[in-house]
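Each chain, written out:
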Amino acid sequence: MTEPNHFGGLLRRHRHDAGLTIEELAAAANVSVRAISDMERGRSQVPQRRTVEALVRALRLADPAATALRGAARAGRRTGRPVAALAAPRAVADFTGRATELAWLGELAARGADADPPVVAVVSGSPGLGKSAIMLEAANRYAASFPDGVLFLDLRGLDPDPPRPADLLLRLLVALGVDEDQVPGEEAARSAQYRAVIRDRRCLLLLDNAASEAQVRPLLPAAGGTMTIVTSRRGLAGLEAVDRLRMPVLPVGEAVALLRGIIGADRAGAEPESALRGVAEACGGLPLALRIAGNRLLSRPDWTVAYLLRRLADEDARMDVLVAGDLAVAGPFLLSYRQLSPGAARTFRRLSLVPGPDSGPDLAAQLAGAGIAETEAALDELAELGLLQPAAEGRYRFHDLIRAFARVRLAAEEAAPDRRRMADDMVAWLLRQAVAAGRWFEPEHAGRLDGGAPGSAAQAKRWIMQEHLNWLGALRAAAAAGRHAEVMAVADAMHWFSDQWTYWGHWLEVFQLSAAAAEALGDLRGQAVHLNYVSWAYTACEARPDLAGAPARAALRLAGAAGDVSQQGWSWAYLGHAAERLGDAGQAELAAREALQLFETAADWDGYSQALSLLAGSLAGAGRHRDALELHERLKALLDDPHRAPSPLVHRVTSGHVHLRSGMSLLALRRWQQAAASFQTALPLLQRAGVRQSQARCRYGWGCALARLGRVEEARAQLTRALRISRQIGLSDLADQALDQLVQLGTRPMIKASLM
């Protein structure tokens, strides 16, 4: 068997035969004097291939001497191992999934010994994601690529006093074969010595649970073939020239596979798949939580997975359920929590009150009782420690289990009256902001700034959409608490905006809550108004015009009792819209004419323009397209009449729709050129109004007209956009029609227009 220092003996003999001193060989090979001295004396591991080749050239060795020296180097590398103190822990026996992440680490390992700079992979993320586990699995899979061994250091980054870099460097140097009495005392000198020693090795260096960039930076090789994997809850953004992986939660399929692996195939096979999936989802794809859940099942053979799932359903008790022996899901969270500054800890606790899945700095500042700058610093700190996950556009979200932990800390550290006050204040703030934002889209209030309101309609729209689940949650809380006036104010303010976002999916609930609030207050007119909103939501948002009639008829009765002529007109208008969607053109026409008469009596020109558009649509639905076009011309004249024109917002929306509906009638009359011109005029108006479903219909009609005119590429572009928008907002019928037209365009340029 080859002796570990056979290489050193051969090197010394060849140097003597060449008549060279160590200094002369070092200069000729561009290798340090100390490195050659340590190699000859067996005080360090043997060099990498490129160093051996440099020595062969400097010594001018020919075969077989050169081959023998290379062979001794390879044999020496195979025998080189770190001391036991830095041996890696065993990998997780039932490691499951993470194929993408392991492939990424494998690609880094394959870069080889000549990577410049040396490969450094930073794996970061929230507690419990399995960062250490994937690092050890990678070491287990790719160790063969590192002939000089695997070195493992736990940097204990969450300790109150983590190890200093100088102490860690000492451990590394001793593990690499340097006598402790030869290690300098200063950190900078130790780092330089360490980098000189490791430069000629190809090791896999595992730095687990790093505290900071300052702790890690002195440990990173400056040259050579060593690959470093660093794990940390922090992102370590200050490290330069590194590859980064932010660990995600496990996908549901991998989470179920891990749970199966823990409890065993027999027991898993006896349980419903839905129950296994439910536990995986309750654990939020967090490997630590899944392991605890699996261990709890193993330790309680009489428990079914379904029973555990029922226990996990209570979010407030979930932290107590996810405990198995000395393993608790809250433990890693608590270690991170104790690292926080007081302001960040307060922000973390109170963010658990947020009703939606994420939050922006403004809402966080309200809860924390701090300024925006201070709150943004706290959010950055929480994200750095993995207690919050950065989301789009400067927002942050909780992992479900970390949110549950935050609620536990809130209950433990803040008194119940204070918690109730915070929750009430948050609800009030969200509802005030919702009203202020929604008013940008009301005909009477557009452009008028209220206190704390967004500074533009674009900002208001962004706030409403970003915070939608938060203000909706606040609305639900207010309704449950009997804060009826606030509920109605939000629904009133949001009514006009809802036309721009009909596909949101929650407008029916919003207006049902506000109608119930009006009833609780005994407000007959308010109840009529909000029942009319409910009718609109059934038709426009839920695609259930068959259900829209009942609330509209109830609103008609209540408006009559309240003496509100305008609301009676709106009730008839909504009855007409429902009939139009149901294909009952006669009933739609009747309702439109009733609405027109009432709106004219009330001098409600906003409503009058809508009823006139509805009447034109009902005539088109009956195939009376020429009559419909005459009404569209009448509507255009109304829009230009300074005495009867609707408010600016309604004017803008109606202008787009009158050209859209005219285009559809012209298309039906086979007047292709005029139809295309009408759609072309309608589109920018509809874009400015923000009504995406109408934009989709406009592009569809325009594409049909262009196809008839033989302008195939232009037609294809419009139909493709119509298809994309329709799919995004859930207009499945229109999407199918657009796709059918595109298919026909691929076979012949002349297609039959399919009207909606």
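What comes next is a walk through the structure. Positions within a chain are numbered from 1, following the residues in the order the chain's sequence is written. Local features in this predicted model are restricted to residues whose pLDDT is 70 or higher, and side-chain atom pairs enter the listing and the counts only when it is 80 or higher, whereas totals over whole chains, interfaces and linings include all residues. The side-chain numbers reported here are obtained from all heavy atoms of the structure, hydrogens and water having been left aside.

## Quick word on the state of the cysteines
Then, number 1: Disulfide assignment relies on a single distance test, namely cysteine sulfur atoms paired within 2.5 Å. Counted under the stated rule, the structure contains zero disulfides.
Then, number 2: Cys 698 provides the cysteine sulfur closest to Cys 704, a residue in no disulfide bond, and the two sulfurs are 11 Å apart.
Then, number 3: Here's how the labels work: a residue is buried when its accessible area is under 20% of the maximum for its type, exposed when over 50%, partly exposed in between, all with a 1.4 Å probe on protein chains only. The buried category is assigned to Cys 704, whose relative accessible area is 0%.

## Observations regarding the pairing of strand E3 (residues 204–208)
Then, number 1: Strands are runs of DSSP state E lasting at least 2 residues, helices are runs of H or I lasting at least 4, and numbering of each runs from the N terminus. Most of E3 is tucked away: five of the five residues are buried.
Then, number 2: Residues Leu 204, Leu 206 and Asp 208 line one face of E3 and the alternating positions Leu 205 and Leu 207 line the opposite face, and both faces are buried.
Then, number 3: Each pair of strands is called paired provided DSSP finds at least two bridges between the two strands. Pairing of strand E2 (residues 150–154) with E3 involves five bridges; the strand directions are parallel. Following the sheet pairing, Leu 153 is matched in E3 by Leu 207.
Then, number 4: In the sheet, E3 pairs with strand E4 (residues 227–232) via four bridges, with the strands oriented parallel. Across the sheet, the residue bridging to Leu 206 is Ile 229, located in E4.

## Focus on the packing of helix H24 (residues 468–480) against helix H26 (residues 507–521)
Then, number 1: Only the contacting stretch of a helix is used when fitting its axis, a line to C-alpha atoms as for every element, and angles between N-to-C directions run 0 to 180 degrees. Close contact between H24 and H26 brings their axes to 11 Å; oriented N to C, the two are set at 25°. Classified by the interaxial angle, the pair formed by H24 and H26 is roughly parallel. Along this stretch, H24 crosses H26, giving a crossing that reads as left-handed. Where H24 approaches H26, its residues Trp 471, Leu 472, Leu 475, Arg 476 and Ala 479 are matched on the opposing element by Trp 507, Glu 509, Val 510 and Leu 513.
Then, number 2: Its residues placed into classes, the contact of H24 with H26 shows seven nonpolar, no polar and two charged. Comment on the angle field: the value is read as roughly parallel under 35 degrees, roughly antiparallel over 145, roughly perpendicular from 65 to 115, and oblique elsewhere. It is the rotation of the near helix from the far one that decides the hand of a crossing: anticlockwise by less than a right angle makes it left-handed, clockwise makes it right-handed. Contacts were defined at the residue level, with two residues in contact if any of their heavy atoms lie within 4.5 Å. Side-chain classes are defined by residue name, with Ala, Val, Leu, Ile, Met, Phe, Trp, Tyr, Cys and Pro counting as nonpolar, Asp, Glu, Lys and Arg as charged, and the others, Gly among them, as polar.

## With respect to the sheet that holds strand E9 (residues 389–390)
Then, number 1: Strand order in the open sheet formed by three strands is E8-E10-E9, with antiparallel pairing between adjacent strands. With partners counted over all chains shown, the strands left at the sheet margins are strand E8 (358–359) and E9, one partner each.
Then, number 2: Alignment of E9 against strand E10 (residues 396–397), held across two bridges, turns out to be antiparallel. Bridge pairing in E10 places Gln 389 opposite Arg 397.

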